[in-house]
Amino acid sequence: MKTMLQIKVTKTKHSRLPETDFNNLVFGRSISDHMFVADYKNGEWTDLRIEPYAPLSLNPANSTLHYGQAIFEGMKAYKNPSGEILLFRADANQKRLNESAVRMCIPELPEEIFMEGLTTLLDLDRNWIPDKPGYSLYIRPFIFATDDYLGVKPSETYKFMIFTCPVGDYYSKPVSVKVEQHYSRAAEGGTGFAKAAGNYAGSLYPAQLAQKQGYDQLLWTDAKTHENIEESGTMNVMFIINDTLITAPTKTGTILKGITRDSVLKLAKEMGYVVEERFLKVSELEEALQNGKLQEAFGTGTAATIAHIAKINIRDNDYILPKKPDYAFSYQVLKKLDDIKYGRIEDHRGWIVKV
Ligand SMILES: *Cc1c(COP(=O)(O)O)cnc(C)c1O
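The structure presented is a predicted model; accordingly, all values stated were derived computationally and were not measured.

K.L.:
Any chance you could break down the overall build of the protein chain for me, citing the residues and the numbers?
P.N.:
In terms of helices and strands, the protein chain carries 7 helices and 17 strands. Across its three principal axes, the protein chain shows a C-alpha extent of roughly 60 × 55 × 35 Å. Out of the 355 residues in the protein chain, the part that is buried amounts to 53%. Expressed as a percentage of contacts within the protein chain between residues at least 6 apart in sequence, the contacts between residues at least 24 apart total 70%. Of the accessible surface of the protein chain, which amounts to about 16,900 Å², a share of 51% is contributed by carbon and sulfur atoms. Considering the protein chain, the positive charge centre built from 43 side chains and the negative charge centre built from 45 side chains are found 2 Å apart.

Structure below.
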(Lines give C-alpha, C1' and ligand atoms only; values in the text may rest on other atoms or scores of the structure.)
Protein backbone atom coordinates (compact mmCIF):
# COMPACT_ATOMS: atom_id res chain seq x y z
CA MET A 1 0.00 0.00 0.00
CA LYS A 2 1.41 3.40 -1.00
CA THR A 3 1.11 6.25 1.45
CA MET A 4 -0.81 9.06 -0.23
CA LEU A 5 -1.66 10.93 2.94
CA GLN A 6 0.75 13.10 4.85
CA ILE A 7 1.45 11.30 8.10
CA LYS A 8 4.05 12.98 10.28
CA VAL A 9 6.09 10.34 12.09
CA THR A 10 7.91 11.07 15.34
CA LYS A 11 9.79 8.00 16.53
CA THR A 12 10.40 7.17 20.17
CA LYS A 13 13.93 7.58 21.53
CA HIS A 14 13.35 4.93 24.17
CA SER A 15 11.75 1.78 22.84
CA ARG A 16 10.08 -0.25 25.59
CA LEU A 17 10.61 -3.41 23.56
CA PRO A 18 13.69 -4.63 25.52
CA GLU A 19 11.84 -4.45 28.84
CA THR A 20 8.70 -6.17 27.57
CA ASP A 21 8.36 -9.79 28.63
CA PHE A 22 6.70 -11.53 25.70
CA ASN A 23 6.34 -14.69 27.77
CA ASN A 24 4.09 -13.00 30.32
CA LEU A 25 1.75 -10.82 28.33
CA VAL A 26 -1.40 -9.72 30.12
CA PHE A 27 -4.16 -8.73 27.69
CA GLY A 28 -4.15 -4.94 27.26
CA ARG A 29 -1.26 -4.17 29.63
CA SER A 30 1.82 -4.12 27.42
CA ILE A 31 1.44 -1.33 24.89
CA SER A 32 3.61 -0.86 21.80
CA ASP A 33 5.91 2.13 21.30
CA HIS A 34 3.80 4.31 19.02
CA MET A 35 0.27 5.59 18.46
CA PHE A 36 -1.52 7.08 15.48
CA VAL A 37 -3.46 10.30 16.04
CA ALA A 38 -5.78 12.44 13.90
CA ASP A 39 -7.78 15.47 15.00
CA TYR A 40 -11.19 16.56 13.81
CA LYS A 41 -11.62 20.32 13.70
CA ASN A 42 -13.26 22.86 11.43
CA GLY A 43 -15.22 20.06 9.81
CA GLU A 44 -12.33 17.83 8.75
CA TRP A 45 -9.97 15.14 9.93
CA THR A 46 -6.48 16.62 9.96
CA ASP A 47 -2.98 16.61 11.54
CA LEU A 48 -2.36 12.92 10.86
CA ARG A 49 0.62 11.82 12.91
CA ILE A 50 2.40 8.98 14.63
CA GLU A 51 3.94 9.75 18.00
CA PRO A 52 5.47 7.85 20.88
CA TYR A 53 2.71 6.34 23.04
CA ALA A 54 2.20 8.89 25.83
CA PRO A 55 -0.44 10.27 28.19
CA LEU A 56 -2.97 12.79 26.90
CA SER A 57 -3.73 16.02 28.60
CA LEU A 58 -7.43 16.82 28.93
CA ASN A 59 -9.37 19.66 30.46
CA PRO A 60 -11.84 18.73 33.18
CA ALA A 61 -14.59 20.11 30.94
CA ASN A 62 -13.73 17.61 28.16
CA SER A 63 -17.15 16.56 26.97
CA THR A 64 -16.36 12.82 26.68
CA LEU A 65 -15.82 12.73 30.43
CA HIS A 66 -19.36 14.00 30.96
CA TYR A 67 -21.52 12.87 28.07
CA GLY A 68 -19.62 9.91 26.73
CA GLN A 69 -19.30 10.42 22.97
CA ALA A 70 -16.75 7.65 22.60
CA ILE A 71 -16.56 4.65 20.27
CA PHE A 72 -13.91 2.02 19.62
CA GLU A 73 -12.89 -0.98 17.57
CA GLY A 74 -10.92 -4.13 18.31
CA MET A 75 -9.00 -6.18 15.79
CA LYS A 76 -5.77 -8.15 15.43
CA ALA A 77 -2.65 -8.37 13.26
CA TYR A 78 -0.78 -11.65 12.87
CA LYS A 79 2.62 -12.74 11.56
CA ASN A 80 2.63 -15.52 9.00
CA PRO A 81 5.35 -18.21 8.90
CA SER A 82 7.54 -15.97 6.69
CA GLY A 83 7.25 -13.00 9.05
CA GLU A 84 4.81 -10.93 6.97
CA ILE A 85 2.13 -8.91 8.76
CA LEU A 86 -1.43 -10.04 8.08
CA LEU A 87 -4.55 -8.05 8.91
CA PHE A 88 -7.84 -9.94 9.25
CA ARG A 89 -10.92 -8.18 7.84
CA ALA A 90 -9.76 -4.70 8.85
CA ASP A 91 -12.10 -3.24 6.21
CA ALA A 92 -15.04 -4.56 8.24
CA ASN A 93 -13.74 -2.86 11.39
CA GLN A 94 -13.33 0.39 9.47
CA LYS A 95 -16.93 0.26 8.24
CA ARG A 96 -18.27 -0.66 11.68
CA LEU A 97 -16.39 2.24 13.29
CA ASN A 98 -18.28 4.60 11.00
CA GLU A 99 -21.63 2.91 11.73
CA SER A 100 -20.95 3.48 15.42
CA ALA A 101 -19.86 7.06 14.65
CA VAL A 102 -23.12 7.92 12.91
CA ARG A 103 -25.20 6.65 15.84
CA MET A 104 -23.15 8.61 18.36
CA CYS A 105 -23.13 11.84 16.31
CA ILE A 106 -19.40 11.51 15.72
CA PRO A 107 -18.08 12.54 12.28
CA GLU A 108 -17.19 9.55 10.09
CA LEU A 109 -13.53 8.87 9.49
CA PRO A 110 -12.40 8.47 5.85
CA GLU A 111 -11.34 4.92 5.02
CA GLU A 112 -7.86 6.06 3.82
CA ILE A 113 -7.06 7.67 7.17
CA PHE A 114 -8.05 4.51 9.03
CA MET A 115 -6.17 2.16 6.72
CA GLU A 116 -3.03 4.23 6.11
CA GLY A 117 -2.80 5.27 9.74
CA LEU A 118 -3.09 1.63 10.72
CA THR A 119 -0.66 0.19 8.20
CA THR A 120 1.94 2.90 8.82
CA LEU A 121 1.70 2.27 12.56
CA LEU A 122 1.98 -1.52 12.12
CA ASP A 123 4.96 -1.15 9.85
CA LEU A 124 6.74 1.08 12.38
CA ASP A 125 5.95 -1.19 15.34
CA ARG A 126 6.36 -4.46 13.42
CA ASN A 127 8.77 -5.82 16.02
CA TRP A 128 5.95 -5.69 18.56
CA ILE A 129 3.98 -8.30 16.63
CA PRO A 130 4.75 -11.63 18.28
CA ASP A 131 5.52 -14.51 15.97
CA LYS A 132 4.77 -17.35 18.39
CA PRO A 133 1.80 -19.54 17.43
CA GLY A 134 -1.39 -18.22 18.98
CA TYR A 135 0.12 -14.80 19.68
CA SER A 136 -0.92 -11.61 17.91
CA LEU A 137 -1.04 -7.84 18.09
CA TYR A 138 -4.31 -6.46 19.42
CA ILE A 139 -5.27 -3.18 17.74
CA ARG A 140 -7.43 -0.57 19.42
CA PRO A 141 -8.73 2.24 17.19
CA PHE A 142 -11.05 4.74 18.93
CA ILE A 143 -12.66 8.16 18.62
CA PHE A 144 -13.72 10.50 21.39
CA ALA A 145 -15.04 14.05 21.73
CA THR A 146 -12.59 16.78 22.71
CA ASP A 147 -14.68 19.96 23.07
CA ASP A 148 -14.27 21.72 26.40
CA TYR A 149 -17.86 22.60 26.88
CA LEU A 150 -20.52 21.50 29.36
CA GLY A 151 -23.52 22.17 27.16
CA VAL A 152 -25.26 18.99 25.99
CA LYS A 153 -24.66 18.81 22.26
CA PRO A 154 -22.44 16.89 19.87
CA SER A 155 -18.83 17.98 20.21
CA GLU A 156 -17.32 19.94 17.33
CA THR A 157 -13.86 18.44 17.81
CA TYR A 158 -12.67 14.82 18.16
CA LYS A 159 -9.57 12.68 18.33
CA PHE A 160 -9.08 9.43 16.45
CA MET A 161 -6.31 7.27 17.82
CA ILE A 162 -4.88 3.80 17.32
CA PHE A 163 -2.57 2.02 19.70
CA THR A 164 -1.62 -1.64 19.81
CA CYS A 165 -0.78 -4.32 22.37
CA PRO A 166 1.06 -7.61 21.86
CA VAL A 167 -1.17 -10.35 23.26
CA GLY A 168 -0.50 -13.93 24.21
CA ASP A 169 -2.23 -17.11 23.31
CA TYR A 170 -5.72 -16.34 24.58
CA TYR A 171 -6.18 -19.84 25.92
CA SER A 172 -9.86 -19.66 26.52
CA LYS A 173 -10.83 -22.02 29.24
CA PRO A 174 -14.51 -22.81 28.96
CA VAL A 175 -16.67 -20.08 30.48
CA SER A 176 -19.72 -20.20 32.70
CA VAL A 177 -22.54 -17.82 31.84
CA LYS A 178 -25.71 -16.64 33.51
CA VAL A 179 -28.83 -15.77 31.54
CA GLU A 180 -29.75 -12.24 32.62
CA GLN A 181 -33.47 -11.60 32.77
CA HIS A 182 -33.62 -8.47 34.88
CA TYR A 183 -31.03 -5.98 33.64
CA SER A 184 -30.66 -4.98 29.97
CA ARG A 185 -27.65 -4.17 27.85
CA ALA A 186 -29.50 -2.68 24.89
CA ALA A 187 -33.04 -1.84 23.84
CA GLU A 188 -34.55 -1.43 20.38
CA GLY A 189 -33.88 2.07 19.14
CA GLY A 190 -30.90 2.36 21.50
CA THR A 191 -27.17 2.04 20.90
CA GLY A 192 -26.64 -1.72 21.23
CA PHE A 193 -25.30 -2.16 17.69
CA ALA A 194 -22.70 0.58 18.16
CA LYS A 195 -19.33 -0.22 19.70
CA ALA A 196 -19.85 2.63 22.13
CA ALA A 197 -18.04 3.05 25.44
CA GLY A 198 -21.31 3.70 27.27
CA ASN A 199 -22.71 0.27 26.39
CA TYR A 200 -19.86 -1.24 28.35
CA ALA A 201 -20.25 1.14 31.29
CA GLY A 202 -23.89 0.14 31.70
CA SER A 203 -23.16 -3.56 31.56
CA LEU A 204 -20.46 -3.67 34.24
CA TYR A 205 -22.72 -3.68 37.29
CA PRO A 206 -24.98 -6.58 36.25
CA ALA A 207 -21.87 -8.49 35.12
CA GLN A 208 -20.23 -7.87 38.49
CA LEU A 209 -23.28 -9.25 40.30
CA ALA A 210 -23.05 -12.41 38.21
CA GLN A 211 -19.29 -12.66 38.86
CA LYS A 212 -19.95 -12.52 42.60
CA GLN A 213 -22.24 -15.53 42.10
CA GLY A 214 -19.37 -17.32 40.35
CA TYR A 215 -20.22 -16.81 36.67
CA ASP A 216 -17.74 -15.42 34.15
CA GLN A 217 -20.18 -13.56 31.93
CA LEU A 218 -23.81 -12.80 31.24
CA LEU A 219 -26.03 -13.93 28.41
CA TRP A 220 -28.13 -10.84 27.76
CA THR A 221 -31.76 -11.18 26.79
CA ASP A 222 -33.94 -8.65 24.95
CA ALA A 223 -35.02 -5.63 27.02
CA LYS A 224 -38.73 -6.04 26.28
CA THR A 225 -39.56 -9.66 27.14
CA HIS A 226 -36.25 -11.00 28.52
CA GLU A 227 -37.09 -14.23 26.69
CA ASN A 228 -34.84 -13.92 23.62
CA ILE A 229 -31.13 -14.58 23.98
CA GLU A 230 -29.15 -11.73 22.45
CA GLU A 231 -25.40 -11.82 23.08
CA SER A 232 -22.78 -11.87 25.76
CA GLY A 233 -21.70 -8.23 25.83
CA THR A 234 -18.15 -8.73 24.57
CA MET A 235 -18.98 -11.70 22.37
CA ASN A 236 -21.83 -12.89 20.19
CA VAL A 237 -23.21 -16.30 21.15
CA MET A 238 -24.02 -19.37 19.10
CA PHE A 239 -25.77 -22.63 19.91
CA ILE A 240 -25.93 -25.94 18.09
CA ILE A 241 -29.18 -27.82 18.58
CA ASN A 242 -30.20 -30.74 16.33
CA ASP A 243 -27.10 -30.10 14.18
CA THR A 244 -28.36 -26.57 13.46
CA LEU A 245 -26.27 -23.52 14.27
CA ILE A 246 -28.45 -20.84 15.87
CA THR A 247 -27.48 -17.25 16.62
CA ALA A 248 -29.44 -14.06 17.21
CA PRO A 249 -30.16 -11.88 14.16
CA THR A 250 -28.80 -8.34 14.14
CA LYS A 251 -31.86 -6.62 12.65
CA THR A 252 -33.21 -5.39 15.99
CA GLY A 253 -30.21 -3.08 16.39
CA THR A 254 -29.59 -4.44 19.89
CA ILE A 255 -26.73 -6.73 18.97
CA LEU A 256 -23.19 -5.87 18.01
CA LYS A 257 -22.47 -7.17 14.51
CA GLY A 258 -19.39 -9.16 15.37
CA ILE A 259 -16.90 -9.75 12.60
CA THR A 260 -16.03 -13.11 14.18
CA ARG A 261 -19.78 -13.87 14.19
CA ASP A 262 -20.00 -13.11 10.48
CA SER A 263 -16.86 -15.12 9.70
CA VAL A 264 -18.07 -18.15 11.69
CA LEU A 265 -21.48 -18.06 9.97
CA LYS A 266 -19.85 -17.91 6.53
CA LEU A 267 -17.52 -20.83 7.34
CA ALA A 268 -20.39 -22.83 8.86
CA LYS A 269 -22.38 -22.51 5.65
CA GLU A 270 -19.31 -23.52 3.61
CA MET A 271 -18.90 -26.54 5.90
CA GLY A 272 -22.48 -27.57 5.15
CA TYR A 273 -24.11 -26.63 8.44
CA VAL A 274 -27.68 -25.43 8.60
CA VAL A 275 -27.51 -21.88 9.95
CA GLU A 276 -30.47 -20.11 11.53
CA GLU A 277 -30.20 -16.42 12.36
CA ARG A 278 -33.11 -16.21 14.75
CA PHE A 279 -33.72 -15.60 18.41
CA LEU A 280 -33.33 -18.62 20.64
CA LYS A 281 -35.83 -18.42 23.48
CA VAL A 282 -34.60 -18.95 27.02
CA SER A 283 -37.27 -21.65 27.41
CA GLU A 284 -36.05 -23.36 24.23
CA LEU A 285 -32.47 -23.29 25.49
CA GLU A 286 -33.56 -24.68 28.85
CA GLU A 287 -35.51 -27.48 27.21
CA ALA A 288 -32.55 -28.35 24.97
CA LEU A 289 -30.31 -28.46 28.04
CA GLN A 290 -32.76 -30.66 29.94
CA ASN A 291 -33.20 -33.25 27.22
CA GLY A 292 -29.57 -33.27 26.10
CA LYS A 293 -30.24 -31.67 22.72
CA LEU A 294 -27.81 -28.79 23.17
CA GLN A 295 -24.67 -29.99 21.41
CA GLU A 296 -22.53 -26.86 21.63
CA ALA A 297 -22.65 -23.31 22.97
CA PHE A 298 -19.89 -20.78 22.42
CA GLY A 299 -19.10 -17.09 22.22
CA THR A 300 -17.42 -15.46 19.22
CA GLY A 301 -15.24 -12.35 19.36
CA THR A 302 -11.85 -10.98 18.36
CA ALA A 303 -10.16 -11.51 21.74
CA ALA A 304 -10.74 -15.26 22.10
CA THR A 305 -12.13 -16.06 18.61
CA ILE A 306 -14.17 -18.90 20.14
CA ALA A 307 -15.00 -19.13 23.86
CA HIS A 308 -16.52 -22.48 24.74
CA ILE A 309 -19.39 -22.36 27.22
CA ALA A 310 -19.31 -25.10 29.84
CA LYS A 311 -22.08 -24.00 32.21
CA ILE A 312 -25.28 -22.02 31.75
CA ASN A 313 -27.42 -20.67 34.58
CA ILE A 314 -31.10 -20.15 33.82
CA ARG A 315 -33.43 -18.85 36.54
CA ASP A 316 -31.12 -20.10 39.31
CA ASN A 317 -30.61 -23.53 37.76
CA ASP A 318 -27.11 -24.52 36.69
CA TYR A 319 -26.80 -26.68 33.60
CA ILE A 320 -23.49 -28.31 32.80
CA LEU A 321 -22.86 -28.86 29.10
CA PRO A 322 -21.60 -32.24 27.94
CA LYS A 323 -17.92 -32.41 26.99
CA LYS A 324 -17.50 -31.76 23.30
CA PRO A 325 -16.05 -34.43 21.02
CA ASP A 326 -12.84 -33.52 19.14
CA TYR A 327 -14.78 -33.16 15.90
CA ALA A 328 -17.11 -30.53 17.40
CA PHE A 329 -17.93 -27.63 15.09
CA SER A 330 -16.45 -25.01 17.43
CA TYR A 331 -13.03 -26.73 17.40
CA GLN A 332 -13.12 -27.13 13.62
CA VAL A 333 -14.10 -23.54 12.94
CA LEU A 334 -11.53 -22.21 15.42
CA LYS A 335 -8.78 -24.13 13.65
CA LYS A 336 -9.96 -22.93 10.25
CA LEU A 337 -10.07 -19.30 11.36
CA ASP A 338 -6.62 -19.54 12.94
CA ASP A 339 -5.23 -21.14 9.79
CA ILE A 340 -6.60 -18.23 7.75
CA LYS A 341 -5.46 -15.52 10.19
CA TYR A 342 -1.89 -16.87 10.47
CA GLY A 343 -1.64 -17.41 6.73
CA ARG A 344 -1.25 -21.18 7.09
CA ILE A 345 -3.88 -21.74 4.40
CA GLU A 346 -4.72 -19.71 1.32
CA ASP A 347 -7.32 -16.98 1.84
CA HIS A 348 -9.76 -16.90 -1.05
CA ARG A 349 -12.39 -14.79 0.68
CA GLY A 350 -10.59 -11.44 0.65
CA TRP A 351 -10.28 -11.50 4.44
CA ILE A 352 -6.50 -11.11 4.67
CA VAL A 353 -4.50 -8.02 3.78
CA LYS A 354 -0.69 -8.07 3.90
CA VAL A 355 0.79 -4.91 5.37
C1 LIG B 1 -16.77 -6.23 19.87
C2 LIG B 1 -18.00 -6.90 20.35
C3 LIG B 1 -18.36 -8.20 19.94
C4 LIG B 1 -17.47 -9.06 19.07
O5 LIG B 1 -17.20 -8.48 17.83
P6 LIG B 1 -15.96 -9.01 16.95
O7 LIG B 1 -15.97 -8.10 15.77
O8 LIG B 1 -16.22 -10.41 16.61
O9 LIG B 1 -14.74 -8.85 17.81
C10 LIG B 1 -19.56 -8.72 20.39
N11 LIG B 1 -20.36 -8.02 21.22
C12 LIG B 1 -20.06 -6.76 21.63
C13 LIG B 1 -21.00 -6.03 22.50
C14 LIG B 1 -18.86 -6.17 21.22
O15 LIG B 1 -18.56 -4.94 21.64
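Still to come is the rest of the account.
K.L.:
Break down empty space enclosed by the protein for me, citing the residues and quoting the values.
P.N.:
Within the structure shown, the criterion is met by 3 cavities of 30 Å³ or more. If you trace the largest cavity, you find it lined by G74, M75, K76, Y78, F88, N93, I259, T260, T302 and K341. Of all elements in the fold, only β5 (75–79) and α5 (259–270) reach the threshold of two or more residues within the lining of the largest cavity. Looking at the lining of the largest cavity element by element, the count peaks at 3 residues for β5. For the lining of the largest cavity, the two domains that each supply at least three residues are domain 1 (8–168) and domain 2 (175–341).

K.L.:
Tell me about the site of the ligand, residues and numbers included.
P.N.:
In the vicinity of the ligand lie 15 residues, with K195, Y200, E231, T260 and T302 positioned nearest. Here R96 contributes a side-chain N or O atom positioned 2.8 Å from an oxygen atom of the ligand. For the ligand, an oxygen atom lies 2.5 Å from a polar atom in the side chain of Y200. Considered on its own, the ligand offers 380 Å² of accessible surface; in the complex 96% of this is hidden by protein. Using a 2 Å cut-off from the grid points, one finds that the ligand occupies the largest pocket. For the shell around the ligand, a count of residues per class yields 4 nonpolar, 7 polar and 4 charged.

K.L.:
Kindly report on the domain arrangement of the protein chain, identifying the contributing residues and their values.
P.N.:
What the domain assignment reports for the protein chain is domain 1 (8–168) and domain 2 (175–341). A straight line from the C-alpha centre of domain 1 to that of domain 2 covers 27 Å. Counting residues at the interface gives 20 residues for domain 1 and 21 residues for domain 2. A buried area of about 1,800 Å², summed over both sides, lies between domain 1 and domain 2, and 62% of it is on carbon and sulfur atoms. Linking domain 1 to domain 2 there are 2 salt bridges. One can count 10 residue pairs in polar contact (both at pLDDT 80 or more) joining domain 1 with domain 2. If you list the elements that add at least two residues to the side of domain 1 that touches domain 2, you get β4 (70–72), β5, β6 (85–88) and α2 (90–103).

K.L.:
Outline the pairing of strand β15 (residues 305–314), listing residues and values.
P.N.:
When you tally the buried positions in β15, you get 8 out of 10 residues, the bulk of the element. Relative to β15, strand β9 (residues 175–180) runs parallel, the two being bridged by 4 bridges. Among the inter-strand pairings, V177 is bridged to a residue of β15, identified as I312. With 4 bridges joining them, strand β14 (residues 294–301) and β15 adopt antiparallel strand pairing. Paired with T300 across the bridge in β15 is I306. Where β14 hands over to β15, the hairpin turn is made up of 3 residues, counted between the paired strands. Pairing of β15 with strand β16 (residues 317–320) involves 4 bridges; the strand directions are antiparallel. By the bridge assignment, I314 is partnered in β16 with N317.

K.L.:
Please provide a residue-by-residue account of the packing of aromatic side chains, values included.
P.N.:
The geometry of two aromatic rings is summed up by the distance between their centres and the angle between their planes. In total, this model carries 15 aromatic pairs according to the counting rule given. Residues F88 and W351 carry aromatic rings whose centres are separated by 5.7 Å and whose planes lie at 85° to one another, so their mutual orientation is edge-to-face. Taken as a pair, F88 in strand β6 and W351 in the loop between α7 (329–341) and β17 (352–354) lie far apart in primary sequence, 263 residues in all. Each member of the pair F88 and W351 is classed as buried. Seen from their ring centres, Y273 and F329 are 4.7 Å apart, and the 55° between their planes marks the pair as tilted. With Y273 in the loop between α5 and β13 (274–277) and F329 in helix α7, this pair connects stretches of sequence that are 56 residues apart. Residue classification places F329 among the buried residues on the basis of a relative accessible area of 0%. Put simply, the rings of Y53, F142, F144 and F163 pair up and form one aromatic cluster. Its end group placed over the ring of F88, K341 keeps NZ or CZ at 5.0 Å from the ring centre. Seen from the ring of W351, R349 lies directly overhead, with NZ or CZ sitting 5.3 Å from the centre.

K.L.:
Residue-level account of the nonpolar core, with values.
P.N.:
Side chains of a nonpolar character, in soluble globular proteins, are inclined to be buried together. One finds F36, W45, L87, L118, I143 and F160 to be the most contacted residues of the largest nonpolar core, which totals 35 residues. Looking at this core, the elements that each hand over two or more residues are β2 (34–41), β3 (44–52), β5, β6, α2, α3 (111–124), β7 (136–145) and β8 (158–167). Residues contacting L87, with those up to four places away along its chain left out, are M75, K76, A77, M115, L118, T119, L122, I139, W351, I352, V353 and V355.

Calculation notes
- Residues numbered from 1 in each chain as written.
- Predicted model: local features only at pLDDT ≥ 70, side-chain atom pairs only at ≥ 80, totals over all residues.
- Heavy atoms only, no water.
- Helix = DSSP H or I, 4+ residues; strand = E, 2+ residues; numbered from the N terminus.
- Buried < 20%, exposed > 50% of the residue type's maximum accessible area, 1.4 Å probe, protein only.
- Contact = heavy atoms within 4.5 Å.
- Areas by Shrake-Rupley, 256 points an atom, 1.4 Å probe, with all protein chains shown as cover.
- Lys, Arg positive; Asp, Glu negative; His and termini not counted.
- Charge placed at Lys NZ, Arg CZ, Asp CG, Glu CD.
- 1 Å grid on protein atoms, 1.4 Å probe; cavity = no way out; pocket = protein on both sides within 12 Å on 5 of 7 lines; lining within 4 Å.
- Points joined across faces, edges and corners; volume = space filled by probe spheres on them.
- Domains from an automatic or database assignment.
- Near = heavy atom within 4 Å.
- Polar contact = N/O pair within 3.5 Å; in protein donor to acceptor, adjacent residues only side chain to side chain.
- Sits in = over half its atoms within 2 Å of the grid points.
- Nonpolar A, V, L, I, M, F, W, Y, C, P; charged D, E, K, R; others polar.
- Buried area = accessible area lost by both parts, 1.4 Å probe.
- Salt bridge = Lys/Arg side-chain N within 4 Å of Asp/Glu carboxyl O.
- Pairing = 2+ DSSP bridges.
- Phe/Tyr/Trp six-rings, centres within 6.5 Å; stacked < 30°, edge-to-face > 60°.
- Lys NZ or Arg CZ within 6 Å of the ring centre and 35° of its normal.
- Core = buried A, V, L, I, M, F, W, Y, C linked by side-chain atoms within 4.5 Å.

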